[in-house]
Every structure is written in C-alpha cells, then in structure tokens.
Amino acid sequence: GQQVMQIPQYQHVQEGEDFTTYCNSSTTLSNIQWYKQRPGGHPVFLIQLVKSGEVKKQKRLTFQFGEAKKNSSLHITATQTTDVGTYFCAGVDAGNMLTFGGGTRLMVKP
Amino acid sequence: DTEVTQTPKHLVMGMTNKKSLKCEQHMGHRAMYWYKQKAKKPPELMFVYSYEKLSINESVPSRFSPECPNSSLLNLHLHALQPEDSALYLCASSQDWASYEQYFGPGTRLTVT
C-alpha cells in the first residue's frame, strides 16, 4: 500500500529561525494536504496542493508540491512560539485513499 | 458552522463495558471518518462513511462497531475493549471522500482499564 514518509521527526529551533519539513510518498499522489496539530489538540487543515510543481504561501508558511507529485515540503520563515505543534502531510492516491505521514514535531525556544 | 463536535471528551471504561462515542457535523459533508491516534503518532484511519454507507473498514476488530444514523451523525460503539485500545479517537468530515480537506473534531480520550 501507499507509504508516506516525513522527516525530520522532531525539530527544535530558536524563535526567529526557519523550519522545514519534508514529505515523500511511495506512489504518485493526486493531491497532498497539510495539517497542524497543537499539543493536546486535534489536526487542523492548513492547505491542499493539487498541481505538479505548485507553490502556495500563507503568511510565513510556504508549501511546495514536487514536479513528480511524490514529494512536498512545508517551510516556515522566522518561527514564532505559536508555530509549536506537529505538522502532518497527508497524501491522497489515485484510489482516493488518504495516508498521513508520521508528522514532524516542532518545538520553538523563545 | 465549520465545527465537528464529539462526545464525550474523556471516557474511562472497563474491558467488559459497552459504550458509544458520538460525532456530529452540520456542514452538509457527505463523508465522515473515524480515526484512532496514539501518542506521538499520526491519525490511523479506522472507518469511512460516504453518503451514509460504510465505504472503508481498515481491518478494524469487531469490538469497534460504527454506525451512521443520518448524514450529520456518526457513532462508534465499543464493546469488550482491550487496554491497548486506549487512545484518542478522532472523528472527521469532508465535503466528499478523501480529495477534500477534512475537518476534525476535538476527539474522545479513551482509557480502557
């Protein structure tokens, strides 16, 4: 079945530093979604990427979808303490099955 | 209203108990999901209902029994659970199956003693 790998598992950054998490799928995806889960909270949808090579921005967050539609990244510029949480990618394959990556837990030191 | 509600927030049950988890959404979404999430792990899909019909059962043990009484409600009936079933149970909904963003409820924290 489809596998979605995410790296790194954990990232500690100083407030103001940048952060990137990477997502790789074993199969070509029809789209990829990103979610954020705060400690003690539930996953909250951030964005969906559909097109090959697509780049979308949300304030300090930049999302990319690879040309082959098998990988994606989320980059946060100048992290803030409010960015703390676990970021999950979730890939949707041709069979409409959504698979979550393992997540990257971001910790920000003030 | 973009909210998915779940009750109860916390549940402690013995291995011989029968209990139910409830989920509700009023966004007109036609797909609803149950996920299980262990600490520091991603959500793990259990069931998918599409247009009130069970579309996916990810080989979940029969001690978990889903039910979709109508398009707004989703239940998960629990019976004879094991301690390893202790987890956060998340309900989610989406406009349609899988290709659309999912809205998650706050979850039910289940402890099986």
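Before reading further, recall that the structure is shown in the block above.
Being a predicted model, the structure only gives us computed values, none of them experimental.

Cut-offs used in this document
- Here the residue numbers are simple positions, counted from 1 along each chain's written sequence.
- Lettering for chains starts from A, numbering for ligands starts from 1, and both go in the order in which the items are written.
- For a predicted model such as this one, the threshold for reporting local features is a pLDDT of at least 70, and the threshold for listing and counting side-chain atom pairs is 80 or more; totals across whole chains, interfaces and linings nevertheless cover every residue.
- Excluding hydrogens and water, the side-chain values take into account all heavy atoms of the structure.
- Stacked, tilted and edge-to-face are the three classes assigned to paired rings of Phe, Tyr and Trp, where Trp is represented by its six-membered ring and a pair needs centres within 6.5 Å; plane angles under 30 degrees give stacked, over 60 edge-to-face, the rest tilted.
- In this text, helices come from DSSP runs of H or I with a minimum length of four residues, and strands from runs of E with a minimum of two, each type numbered from the N-terminal end.
- Working definition: with a 1.4 Å probe on protein chains only, accessible area under 20% of the residue-type maximum means buried, over 50% means exposed, and in between means partly exposed.
- Residue contacts are defined here by distance: any two heavy atoms, one from each residue, within 4.5 Å place the two residues in contact.
- The buried area of a pairing is the accessible area, by a 1.4 Å probe, that goes missing from both parts when the two are put together, added over both.
- Each reported salt bridge corresponds to a side-chain nitrogen of Lys or Arg within 4 Å of a carboxyl oxygen of Asp or Glu.
- As a working rule, the residues Ala, Val, Leu, Ile, Met, Phe, Trp, Tyr, Cys and Pro are called nonpolar, Asp, Glu, Lys and Arg charged, and the rest polar, with Gly in that last group.
- Note: two strands are recorded as paired if DSSP finds a minimum of 2 bridges between them.

(A) Summary view of the packing of aromatic side chains. Per the counting criterion, the structure on display carries 11 aromatic pairs over all chains. Ring geometry for Phe88 of chain A against Phe100 of chain A: centres 6.0 Å apart, planes inclined by 90°, an arrangement best described as edge-to-face. Placement of Phe88 of chain A in strand S9 (residues 85–92) and of Phe100 of chain A in strand S10 (residues 98–100) is noted, with a sequence separation of 12 residues between them. The exposure class of Phe100 of chain A is buried, given its relative accessible area of 9%. Connected via pairs of aromatic rings, a cluster forms that spans Tyr35, Phe45, Phe88 and Phe100 of chain A together with Tyr33, Tyr35 and Phe104 of chain B.

(B) A look at the interface of chain A and chain B. In this complex, chain A contributes 19 residues to the contact, which on the side of chain B involves 20 residues. With both sides pooled, the region where chain A packs onto chain B buries about 1,500 Å², and carbon together with sulfur makes up 57% of that total. Here chain A is connected to chain B by 0 salt bridges. At the level of elements, strand S4 (31–37), strand S5 (44–49), S9 and S10 of chain A are the ones that each hand at least two residues to the side of chain A that touches chain B. By residue number, the principal contributor to the side of chain A that touches chain B is S4 of chain A, which donates 4 residues. For the side of chain A that touches chain B, the residue count by class is 9 nonpolar, 9 polar and 1 charged.

(C) Quick look at the pairing of strand S7 (residues 64–70) of chain B. All names here are of chain B. Pairing of S7 with strand S8 (residues 73–79), which is carried by 5 bridges, proceeds in the antiparallel orientation. Directly across from Glu67, in S8, lies its bridge partner Asn75. Between the antiparallel neighbours S7 and S8 lie 2 residues.

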